[in-house]
Amino acid sequence: MCPHSVHAVIAVKSLDSAKSRLAGVLAPAHRSRLVLAMLTDTVRAAAEVPAIAAITIVTPDPVVAEATRALGAEVHPEPARARTDPDGLNIALADAAAALRTRYGAVDLLALQADLPALCPDELAAVLAAASGELRALVTDHAGTGTAALFAPSGLPLRPRFGRDSAHHHRADGARELAGEWPGLRQDVDTAADLAAVQALGTGIETTALLRELGVPARVREPVTQVCGQVATP
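Just so you know, these numbers come straight off a predicted model, no measurement behind them.

Colleague: A description of the environment of arginine 186 should follow, citing residues and the corresponding values.
Modeller: Structurally, arginine 186 can be placed in helix H6 (residues 183–186). Given a relative accessible area of 13%, arginine 186 falls into the buried group. Considered as a pair, arginine 186 and lysine 13 are 173 residues apart in the sequence and their alpha carbons are 20 Å apart. Not counting residues within four places of it along the chain, the set of residues in contact with arginine 186 comprises Val139, Thr140, Asp141, His142, Ala148, Leu178, Ala179, Gly180 and Glu181.

The structure is reproduced here in structure tokens:
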């Protein structure tokens with residue numbers, strides 16, 4: 001895969017409605033800050049991958065838009081229909097994907113989760129190398145049922161199917177599943193158990209700093225090194 005050939009797309013809903021399943025762990029204001037910290041670490045990790053040309057954030061939230069523009073990301077406004085439709089996440093991703101190809105031509109696309117604070121650039125670089133080909137590809141989340149990342153080469157539409165059992169729906173729609181360790185990519189954060197798991201991996205600078213401020217044990221994740229398309233901690 002040529003350097004700077006992939007356009008990444010990340011959808012983020014309004015901060016005031018984010019991560020309700022962490023209600024027993026963090027107060028609403030802290031959950032909003034955690035979402036923004038995790039997104040910041042995700043965007044920064046993705047921006048360090050040579051194959052990624054640009055990152056586009058789809059969001060209705062002005063705070064998210066301002067914060068991610070400061071990181072160098074582009075912002076695509078969430079379509080109005082996405083705010084009321086139960087399939088809003090996929091509507092938002094598909095709308096941004098179509099806009100990107102209208103603007104830049106038949107580019108490769110990568111839909112990425114927004115809450116990957118343990119993501120390392122080498123993991124994502126290895127995934128994109130493995131995804132290179134004529135088929136859409138996916139990486140499942142740590143539970144094996146969700147989708148952490150969905151790749152669509154230039155000749156195919158993204159066709160996102162995120163939501164319950166999204167891995168199954170993406171496979172049924174023709175995407176091939178990629179095998180690899182990639183723990184930082186697979187570990188999204190929705191529950192208290194997920195938060196504990198990501199703490200064990202180590203997190204990006206912003207998430208680590210926030211967790212420490214809130215009195216939650218945290219450490220910065222060590223870099224990883226790419227080995228034959230896989231990744232291993234040094």
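Let's pick the thread back up.
Colleague: Summarise the pairing of strand S6 (residues 147–152); cite the residues concerned and give the values.
Modeller: Within S6, six of the six residues are buried, which leaves the element mostly enclosed by the surrounding structure. Alignment of strand S5 (residues 137–140) against S6, held across four bridges, turns out to be antiparallel. Residue pairing in the sheet places threonine 140 in a bridge with threonine 147 of S6.

Colleague: Just give me the short version of the pattern of salt bridges, but keep the residues and values in it.
Modeller: Should the charged atoms of two oppositely charged side chains come close, the side chains can pair. Under the defined criterion, the tally for this structure stands at 13 salt bridges. The salt bridge involving arginine 83 is made with glutamate 78; its shortest N-O contact spans 3.4 Å. Judged by its relative accessible area of 55%, arginine 83 is exposed. One salt bridge connects aspartate 173 with arginine 161, and the closest N-O pair in it is separated by 3.7 Å.

Colleague: Give me the lowdown on the side chain of aspartate 115, citing residues and values where you can.
Modeller: For aspartate 115, the location among the structural elements is in the loop between strand S4 (108–112) and helix H4 (121–131). The buried category is assigned to aspartate 115, whose relative accessible area is 7%. Here the side chain of aspartate 115 touches valine 189 through a polar contact of 3.2 Å, landing on its backbone nitrogen. Excluding its chain neighbours within four sequence positions, the residues that come into contact with aspartate 115 are Lys19, Met38, Thr42, Gln187, Asp188, Val189 and Asp190.

Colleague: Quick rundown of the sheet that holds strand S2 (residues 52–59)? Include the residues and the values.
Modeller: Here we have seven strands laid out as an open sheet, ordered S3-S2-S1-S4-S6-S5-S7, and mixed in their pairing. In this open sheet, the two edge strands, each paired with only one partner strand, are strand S3 (74–77) and strand S7 (176–177). Bridging between S5 and S7 involves two bridges; their strand directions are parallel. Bridging from a neighbouring strand, leucine 138 pairs with glutamate 177 of S7. Contacting strand S1 (6–11), S2 and S4, helix H1 (residues 28–47) runs over the sheet at an angle of about 160° to S2. Docked against the sheet, helix H2 (residues 62–70) engages S2 and S3, running at close to 165° with respect to S2.

What counts, and at which threshold
Residues numbered from 1 in each chain as written. Predicted model: local features only at pLDDT ≥ 70, side-chain atom pairs only at ≥ 80, totals over all residues. Heavy atoms only, no water. Helix = DSSP H or I, 4+ residues; strand = E, 2+ residues; numbered from the N terminus. Buried < 20%, exposed > 50% of the residue type's maximum accessible area, 1.4 Å probe, protein only. Contact = heavy atoms within 4.5 Å. Pairing = 2+ DSSP bridges. Salt bridge = Lys/Arg side-chain N within 4 Å of Asp/Glu carboxyl O. Polar contact = N/O pair within 3.5 Å; in protein donor to acceptor, adjacent residues only side chain to side chain. Axes fitted to C-alpha atoms, helices over the stretch in contact; angles between N-to-C directions.

Take it as geometry only, folks, not as evidence of what the structure does.
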